Amino acid sequence: MTGLVIKNTGSHYIVLTEDGVERPCLAKGNLRLRGFRSTNPIVVGDHVVVEQTSGQAEEETLYIKDILPRKNYIIRRAANLSKESHILAANIDASFLVCTIAAPETSTTFIDRFLATAEAYRVPTELIFNKIDLYTPEAIDYMEELIALYEGIGYPCHRVSATTGEGVEALIDHLKGKITLFSGHSGVGKSTLINQLIPGVELRTGSISLAHFKGMHTTTFSQMVPLPYSEGGYLIDTPGIKGFGMLEMEDAEVSHYFPELFEESTACRFGNCTHTHEPGCAVREAVEAGRIASSRYISYLGILEDKESGKYRPEYK
């Protein structure tokens with residue numbers, strides 16, 4: 001029997017099996033020991049093979065015995081350094097990164113790392129700038145600069161207030177009929193926004209820690225929430241994340257996942273240009289001329305630096 005993993009609590013799973021029933025499952029022991037260098041070898045969005053075994057008192061336990069091939073996933077370096085990676089979700093059609101200008105601030109470093117990973121797996125991504133009802137005029141100006149930057153590269157952006165509902169309705173057409181991942185820092189209002197998009201789902205929400213001015217974690221597990229539209233679809237809610245360490249990219253590939261860098265690189269003098277020091281580098285010339293934003297170039301260099309030194313700095317937002 002096959003099914004779709006719709007909830008993952010870390011050690012237990014809810015699988016929507018092919019007969020349309022949601023069933024609690026465990027991972028078979030040998031599946032966990034197959035050399036998966038990941039904190040979560042089974043993730044929300046996985047298509048899996050399950051089997052039933054008879055337990056005591058004729059109780060039946062459903063076990064996940066295999067994971068079917070994934071079409072894509074969003075991956076980052078795990079916070080637990082004993083493992084190599086943490087996969088946010090698999091087999092997704094699109095992703096939304098929920099950002100905030102303040103309380104807490106989402107840095108361009110974090111945004112760019114998320115976008116580069118999404119590019120690597122061909123996951124169309126859009127940015128949601130939430131909490132617009134709270135911003136000062138200066139913050140609004142900065143947000144508009146970021147929106148101009150990312151829309152200029154090709155990433156659609158949305159101005160939203162999950163609290164007042166402003167801009168929420170316009171998001172619905174982007175979700176219908178798709179499996180869409182929602183991600184972002186803790187405290188960006190992701191759960192509040194999902195509650196607006198899917199009335200009655202009632203995800204827990206939390207307040208901002210005044211001591212650290214960072215979001216308090218309210219989602220502690222990943223889950224797929226069915227969309228209440230005739231076209232169907234799912235929204236994947238994930239726990240808030242602090243940093244986004246990069247994985248599975250060769251140095252020569254990193255610039256391919258920054259569309260504007262890749263476009264300019266066709267004019268570089270050398271085909272293997274790293275865009276760091278070589279003469280005749282069209283990318284660095286484009287940065288100096290303002291055709292490539294310096295923040296994007298700095299993000300690119302930061303990924304190269306982390307890979308070369310074999311380290312990841314969790315303080316990156």
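Reading the values: rules and limits
- Residues numbered from 1 in each chain as written.
- Predicted model: local features only at pLDDT ≥ 70, side-chain atom pairs only at ≥ 80, totals over all residues.
- Heavy atoms only, no water.
- UniProt positions renumbered as here; feature names shortened; annotations may be inferred.
- Phe/Tyr/Trp six-rings, centres within 6.5 Å; stacked < 30°, edge-to-face > 60°.
- Helix = DSSP H or I, 4+ residues; strand = E, 2+ residues; numbered from the N terminus.
- Buried < 20%, exposed > 50% of the residue type's maximum accessible area, 1.4 Å probe, protein only.
- Lys NZ or Arg CZ within 6 Å of the ring centre and 35° of its normal.
- Contact = heavy atoms within 4.5 Å.
- Pairing = 2+ DSSP bridges.
- Right-handed = clockwise from strand over helix to strand, strands pointing away.
- Polar contact = N/O pair within 3.5 Å; in protein donor to acceptor, adjacent residues only side chain to side chain.
- pLDDT = per-residue confidence, 0-100.
- Salt bridge = Lys/Arg side-chain N within 4 Å of Asp/Glu carboxyl O.

Going by an unreviewed UniProt entry, the protein chain carries the name Small ribosomal subunit biogenesis GTPase RsgA and comes from Porphyromonas somerae. What the UniProt record of the protein chain gives under Sequence similarities (unreviewed entry) is the line "Belongs to the TRAFAC class YlqF/YawG GTPase family. RsgA subfamily." What UniProt states about the protein chain under its Subunit (unreviewed entry) heading is, verbatim, "Monomer. Associates with 30S ribosomal subunit, binds 16S rRNA."

A. Structural context of the packing of aromatic side chains. Under the definition given, this model contains 4 aromatic pairs. The interplanar angle of 35° and the centroid separation of 4.7 Å between the aromatic rings of Tyr-73 and Tyr-121 together place this pair among those described as tilted. Separated by 48 residues along the polypeptide, Tyr-73 in strand E6 (residues 73–77) and Tyr-121 in the loop between helix H2 (108–120) and strand E9 (125–129) bring together distant segments of the chain. Taking 5.3 Å as the distance between ring centres and 55° as the angle between the ring planes, the aromatic pair formed by Phe-96 and Phe-182 counts as tilted. Of this pair, Phe-96 sits in strand E8 (residues 94–99) while Phe-182 is found in strand E11 (residues 179–183), placing the two residues 86 residues apart along the sequence. Each of the two residues, Phe-96 as well as Phe-182, counts as buried. Sitting over the ring of Tyr-73, Arg-70 keeps its end group 5.8 Å from the ring centre. In this structure, Lys-176 packs its charged tip against the face of Tyr-229, placed 6.0 Å from the ring centre.

B. The arrangement of the environment of Ile-147 in detail. With respect to the secondary-structure elements, Ile-147 resides in helix H3 (residues 137–153). In this structure the C-alpha to C-alpha distance between Ile-147 and Arg-159, which are 12 residues apart in sequence, comes to 9.1 Å. Beyond its immediate sequence surroundings of up to four residues, Ile-147 is in contact with Phe-129, Gly-152, Cys-157 and Arg-159.

C. Expanded view of the pairing of E8. Of all 6 residues in E8, 6 are buried; the element is thus mostly enclosed. Burial of E8 is two-sided: the residues Ala-94, Phe-96 and Val-98 facing one way and the residues Ser-95, Leu-97 and Cys-99 facing the other way are all buried. Where E8 meets E9, 5 bridges bridge the pair, whose relative direction is parallel. The residue of E9 that forms the bridge with Cys-99 is Phe-129. This β-α-β element, E8 to H2 to E9, shows right-handed connectivity.

D. Focus on the side chain of Asn-130. By the element assignment, Asn-130 lies in the loop between E9 and H3. One polar contact links the side chain of Asn-130 to the main-chain amide nitrogen of Ala-162, over a distance of 2.9 Å.

E. The UniProt feature "binding site: Zn(2+)" (unreviewed entry) in the protein chain, seen in detail. According to UniProt, the positions carrying the feature "binding site: Zn(2+)" (unreviewed entry) are Cys-268, Cys-273, His-275 and Cys-281. Among the secondary structure elements, Cys-273 is positioned in the loop between helix H6 (259–265) and helix H7 (282–289). The class of Cys-273 is buried, set by a relative accessible area of 11%. In this structure Cys-273 touches Cys-268, Glu-278 and Cys-281, once residues within four positions along its chain are discounted. Relative accessible area serves as the criterion here: at 3%, His-275 is assigned to the buried category. Residues contacting His-275, with those up to four places away along its chain left out, are Ser-255, Ser-265, Cys-268, Cys-281, Val-283, Arg-284, Tyr-297, Tyr-300 and Leu-301.

F. Local environment of the confidence of the model for the protein chain. Within the protein chain, residue pLDDT values average 84, and 81% of them lie at 70 or more. Low pLDDT, under 50, characterises residues 204–219; the predicted model gives this stretch 35 contacts beyond four residues in sequence or across chains.

G. How the structure looks around the pattern of salt bridges. Under the criterion given, the structure shown has 10 salt bridges. A salt bridge links Lys-65 to Glu-51, with the shortest nitrogen-to-oxygen separation between them at 3.8 Å. With Lys-65 in strand E5 (residues 60–67) and Glu-51 in strand E4 (residues 47–54), this residue pair connects regions lying 14 residues apart in the sequence. Here Lys-65 falls in the partly exposed class, since its relative accessible area comes to 33%. One salt bridge connects Glu-144 with Arg-159, and the closest N-O pair in it is separated by 2.9 Å. Of this pair, Glu-144 sits in helix H3 while Arg-159 is found in strand E10 (residues 157–159), placing the two residues 15 residues apart along the sequence. Given a relative accessible area of 36%, Arg-159 falls into the partly exposed group. It is possible to trace a salt-bridge network through shared partners that takes in Asp-112, Glu-260 and Arg-296.

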